[in-house]
2 protein chains.
Amino acid sequence: MSARLIDGTAVARRVRDEVAKGVAELVAQGGRTPGLATILVGDDPASEVYVRNKRRACAAAGMRDFHRRLPTTARQEEVREVIAELAADDQVSGILLQLPVPAHLDSEALLDHIPYDKDVDGLTVKNVGRLAQGRPGLRPCTPAGIVRLLDEYEVPLAGAEVVVVGRSVLVGRPMAQLVLARHATVTVCHSRTKDLAEACRRADVLIVAAGVPQLIGRDAVRRGAVVVDVGIHRGDEGLHGDVRFEEVAEVASLVTPVPGGVGPMTIAMLLHNTLEAARWQQGSAAPAA
Amino acid sequence: MSARLIDGTAVARRVRDEVAKGVAELVAQGGRTPGLATILVGDDPASEVYVRNKRRACAAAGMRDFHRRLPTTARQEEVREVIAELAADDQVSGILLQLPVPAHLDSEALLDHIPYDKDVDGLTVKNVGRLAQGRPGLRPCTPAGIVRLLDEYEVPLAGAEVVVVGRSVLVGRPMAQLVLARHATVTVCHSRTKDLAEACRRADVLIVAAGVPQLIGRDAVRRGAVVVDVGIHRGDEGLHGDVRFEEVAEVASLVTPVPGGVGPMTIAMLLHNTLEAARWQQGSAAPAA
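The rules behind these values
Residues numbered from 1 in each chain as written. Chains lettered and ligands numbered in written order. Predicted model: local features only at pLDDT ≥ 70, side-chain atom pairs only at ≥ 80, totals over all residues. Heavy atoms only, no water. UniProt positions renumbered as here; feature names shortened; annotations may be inferred. Helix = DSSP H or I, 4+ residues; strand = E, 2+ residues; numbered from the N terminus. Rg over C-alpha atoms; globule rule 2.2 N^0.38 Å. Contact = heavy atoms within 4.5 Å. Areas by Shrake-Rupley, 256 points an atom, 1.4 Å probe, with all protein chains shown as cover. Lys, Arg positive; Asp, Glu negative; His and termini not counted. Charge placed at Lys NZ, Arg CZ, Asp CG, Glu CD. Phe/Tyr/Trp six-rings, centres within 6.5 Å; stacked < 30°, edge-to-face > 60°. Buried < 20%, exposed > 50% of the residue type's maximum accessible area, 1.4 Å probe, protein only. Pairing = 2+ DSSP bridges. Axes fitted to C-alpha atoms, helices over the stretch in contact; angles between N-to-C directions. 1 Å grid on protein atoms, 1.4 Å probe; cavity = no way out; pocket = protein on both sides within 12 Å on 5 of 7 lines; lining within 4 Å. Points joined across faces, edges and corners; volume = space filled by probe spheres on them. Nonpolar A, V, L, I, M, F, W, Y, C, P; charged D, E, K, R; others polar. Buried area = accessible area lost by both parts, 1.4 Å probe. Salt bridge = Lys/Arg side-chain N within 4 Å of Asp/Glu carboxyl O. Polar contact = N/O pair within 3.5 Å; in protein donor to acceptor, adjacent residues only side chain to side chain. Right-handed = clockwise from strand over helix to strand, strands pointing away. Domains from an automatic or database assignment.

Going by the annotation in an unreviewed UniProt entry, the name recorded for chain A is Bifunctional protein FolD, with Streptomyces violaceusniger given as the source organism. Under the heading Function (unreviewed entry), UniProt records this for chain A: "Catalyzes the oxidation of 5,10-methylenetetrahydrofolate to 5,10-methenyltetrahydrofolate and then the hydrolysis of 5,10-methenyltetrahydrofolate to 10-formyltetrahydrofolate." Database annotation for chain A, UniProt heading Pathway (unreviewed entry): "One-carbon metabolism; tetrahydrofolate interconversion."

Here's what the structure looks like:
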């Protein structure tokens, strides 16, 4: 292995420390303590774990933890009312609706009830539109975390060829917009791309968010490229990403491990967004990241 | 010259005829006649011409023409009130705020007062967000017109390498989203791209919306590629695009002329959007284009 590892755990810790410091400063200046409201509908065990981790991280950063739990049978209107109540509460800086919601609910419509300045997941139509228009706003946590990782490792984005594999609303699409805003030349590949390896070999920075275990091998990576793996899959021998790590680490200059790469950044950026939202609501300019 | 020409004038005529037929059908079925409201602030001569052409095309398609003219000195609130009045009027299917507005006005804020189902220019934050999320909505006229041209000439987009030069909110960015929705592998290039010609040579379909006269020459075009030129510049010897037409026509398989290529499609798609908006407001599904 010749690649250096991108240590997402360490960078995430740094972000969380920064946020804790920022929270303390805001309060010391007489501002309101930032607060994150998590909404969990139903009892999906994975979602329970995610929400618990978010709440703990939030408390550890000195923020207030508001949590609302609804039964699997909750109607659209009930969830909407909870969102409306949290939207009106100025103690609540950020509102996070844990996805997926039960199938009988319309998650897009629910998300669109979250005011865009409390939309700490960056998933409401208004924040998605603001990102696409190049206007300030709250950005989705995972792609924003990847930009932060690249910045920490001083990977230049302006003028770089960035290839994003995957076009999901959660990662691929906003990822492409974020690196475009940083002046990268960006290519979006996906399941219908004719020659995926060829397209990927152009990349100075290759970001893989395809959701397909071990899709990307050595043949898809230019020597010296930076490779970011967003995938996480549980296999017989532990966790795997979308990238064949052993192979790719032979040719890349920098690579994210799985676990310990992109994963830890998501919650860190959620905390970051919650602090930014609190500042925004208390009179600062909208976050421009 | 070996390339075939893409005849935008002919396709635009076809679209306008289709719209006129659609309007007549809607009315025959007891629906309301679609109506387009144009708002012109100030007396920029070019904007006057554009608005006049839009109003004429609208009337020619059998739609109602609502026009509001405001002085250069109009305040933000006055323009907002005009928009609010048109938004509340169910005879008005589409609202178009002619850009640019005088510099003392905040055009983004004004656009965001247009209800998204009357936003026939596809420029409000909600429609931009819906496009980026892959949800139905009204699409910006020029990029939607380019997709229509490509369809008319049976240019396959699924799996194709599409390169978009330019990342404006009006053309480049929505163009990339539209071809991504049609399953193209899409690259966005711009002024910071390191080797523009090299990136462009990958394209099966090259769409140039850089706003730089004659930027793209033969060296940037793969033999057999389809080239779409969105630029229009007045020079000593008439109109030019962003593409060096004579050179590129030697290697491309299909190319849009300037004028008579993309230009005529913009108003045609505005009419198309106005009819779609009218249908949507009268109970049809949101336009999925």
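After presenting the structure, the write-up continues.
Quick look at the overall build of chain A now. Each helix and strand counted, chain A has 10 helices and 11 strands in total. Computed over the C-alpha atoms, the radius of gyration of chain A is 19 Å, within 12% of the 19 Å expected from 2.2 N^0.38 for a compact globule of 289 residues. In chain A, the share of contacts with a sequence separation of at least 24, taken over all contacts with a separation of at least 6, comes to 71%. Element-wise, carbon and sulfur atoms account for 49% of the exposed surface of chain A, whose accessible area totals about 12,000 Å². The average position of the 34 basic charges and that of the 36 acidic charges among the side chains of chain A differ by 3 Å.

In this section: the packing of aromatic side chains. Residues and elements named next belong to chain A. The full count for this structure, using the stated rule, is 2 aromatic pairs over all chains. Residues Tyr116 and Trp280 carry aromatic rings whose centres are separated by 5.7 Å and whose planes lie at 65 degrees to one another, so their mutual orientation is edge-to-face. Of this pair, Tyr116 sits in the loop between helix H4 (107-111) and helix H5 (125-133) while Trp280 sits in helix H10 (residues 263-281), placing them 164 residues apart in sequence. A relative accessible area of 14% means that Trp280 is categorised as buried.

With that out of the way, let us pick up unusual backbone geometry. For the bond running from Leu99 of chain A to Pro100 of chain A, omega is 0 degrees, close enough to zero to count as cis. Assignment of secondary structure puts Pro100 of chain A in the loop between strand E4 (94-97) and H4. Residue Gln214 of chain A is not a glycine yet carries a positive backbone phi of 55 degrees. One can find Gln214 of chain A in the loop between strand E7 (205-208) and strand E8 (226-229). Residue His183 of chain B is not a glycine yet carries a positive backbone phi of 70 degrees. For His183 of chain B, the location among the structural elements is in the loop between helix H7 (172-181) and strand E6 (185-189). The class of His183 of chain B is partly exposed, set by a relative accessible area of 27%.

The next point concerns the sheet that holds strand E1 (residues 4-5) of chain A. The 12 strands are arranged E1(A)-E11(A)-E8(A)-E7(A)-E5(A)-E6(A)-E6(B)-E5(B)-E7(B)-E8(B)-E11(B)-E1(B) in an open sheet whose pairing can be described as mixed. Edge positions in the open sheet fall to E1 of chain A together with strand E1 (4-5) of chain B, since each of these has one partner strand only. As paired strands, strand E7 (residues 205-208) of chain B and strand E8 (residues 226-229) of chain B are joined by 4 bridges and run parallel to one another. When the bridges of E8 of chain B are listed, Val208 of chain B appears paired with Asp229 of chain B.

Attention now moves to the UniProt feature "domain: Tetrahydrofolate dehydrogenase/cyclohydrolase catalytic" (unreviewed entry) in chain A. Here, the residues flagged by UniProt with the feature "domain: Tetrahydrofolate dehydrogenase/cyclohydrolase catalytic" (unreviewed entry) are residues 6-121 of chain A. With 47% helix and 16% strand, the stretch residues 6-121 of chain A has end C-alpha atoms that lie 24 Å from each other.

Residues and elements named next belong to chain A. Looking at where Leu239 falls in the secondary structure, it is placed in strand E10 (residues 238-240). A relative accessible area of 28% means that Leu239 is categorised as partly exposed. With 19 residues separating them along the chain, Leu239 and Val258 place their C-alpha atoms 6.8 Å apart. Sequence-distant contacts of Leu239, defined by excluding residues within four places in its chain, comprise Ile232, His233, Arg234, Val258 and Pro259.

Here we take up the sheet that holds strand E4 (residues 94-97) of chain B. Residue and element names in this part refer to chain B. Reading across the sheet, the 3 strands line up as E3-E2-E4 and stay open at both edges, with parallel pairing between neighbours. With partners counted over all chains shown, the strands left at the sheet margins are strand E3 (64-70) and E4, one partner each. Within this sheet the neighbouring strands show an average axis-to-axis angle of 15 degrees, counted without direction. Pairing geometry for strand E2 (residues 35-41) and E4, over 4 bridges, is parallel. In the sheet register, Thr38 faces E4, and the bridge partner there is Leu96.

Turning next to empty space enclosed by the protein. One simple way to see leftover space: roll a probe sized like a water molecule over the atoms. One pass over the structure, following the stated rule, counts 5 cavities of 30 Å³ or more. In this model, the largest cavity occupies a volume close to 170 Å³. Along the walls of the largest cavity sit Arg173, Ala176, Gln177, Leu180, Val186 and Val188 of chain A together with Arg173, Ala176, Gln177, Leu180, Val186 and Val188 of chain B, which together make up its complete lining. Here the lining of the largest cavity is composed, by residue class, of 8 nonpolar, 2 polar and 2 charged.

The subject of this paragraph is the interface of chain A and chain B. Taken together, the contact pairs 36 residues of chain A with 36 residues of chain B. Roughly 3,100 Å² is buried in total at the junction of chain A and chain B, and carbon and sulfur atoms are behind 49% of that figure. At the junction of chain A and chain B, the tally comes to 8 salt bridges. A salt bridge links Arg135 of chain B to Glu108 of chain A, with the nearest nitrogen and oxygen atoms 3.1 Å apart. Viewed at the interface, chain B and chain A are joined by 23 residue pairs in polar contact (both at pLDDT 80 or more). Among the elements of the structure, H5, helix H7 (172-181) and strand E6 (185-189) of chain A are those that each provide at least two residues to the side of chain A that touches chain B. Considering every element that reaches the side of chain A that touches chain B, the biggest residue donor is H5 of chain A, with 8 residues.

Further remarks concern the pairing of E6 of chain A. All names here are of chain A. Burial of E6 is extensive: 5 of the 5 residues sit out of reach of the surface. Residues Thr185, Thr187 and Cys189 of E6 are buried on one face, and the alternating residues Val186 and Val188, pointing to the opposite face, are buried as well. Here 5 bridges tie strand E5 (residues 161-165) to E6, and the two strands are oriented parallel to one another. If you follow Val163 over to E6, its bridge partner there is Thr187. Tracing the backbone out of E5, into H7 and back to the parallel element E6 gives a crossover that is right-handed.

Turning to the domain arrangement of chain A, a few remarks are in order. According to the domain assignment, chain A contains domain 1 (30-116) and domain 2 (141-264). Measuring from the centre of the C-alpha atoms in domain 1 of chain A to the corresponding centre in domain 2 of chain A gives 29 Å.

Turning next to the layout of surface pockets. By volume, the largest pocket is sized at about 1,300 Å³. Looking at the largest pocket, it is lined by 41 residues, and the ones nearest its centre are Tyr50, Thr142, Ile232, Gly263 and Thr266 of chain A. Where the lining of the largest pocket is concerned, the elements lending two or more residues are helix H2 (45-60), E4, helix H6 (141-152) and H10 of chain A. Sorting elements by how many residues they give to the lining of the largest pocket places H2 of chain A first, with 7 residues. Counting residues domain by domain, the lining of the largest pocket receives three or more from each of domain 1 (30-116) and domain 2 (141-264) of chain A. Size it by volume and the second largest pocket reaches roughly 1,100 Å³. Forming the boundary of the second largest pocket are 36 residues, of which Tyr50, Thr142, Leu170, Ile232 and Thr266 of chain B lie nearest the centre. Those elements giving two or more residues to the lining of the second largest pocket turn out to be helix H2 (45-60), E4, helix H6 (141-152) and helix H10 (263-281) of chain B. With 4 residues, H10 of chain B is the largest single contributor of residues to the lining of the second largest pocket. Here the lining of the second largest pocket gathers at least three residues from each of two domains, domain 1 (30-116) and domain 2 (141-264) of chain B.

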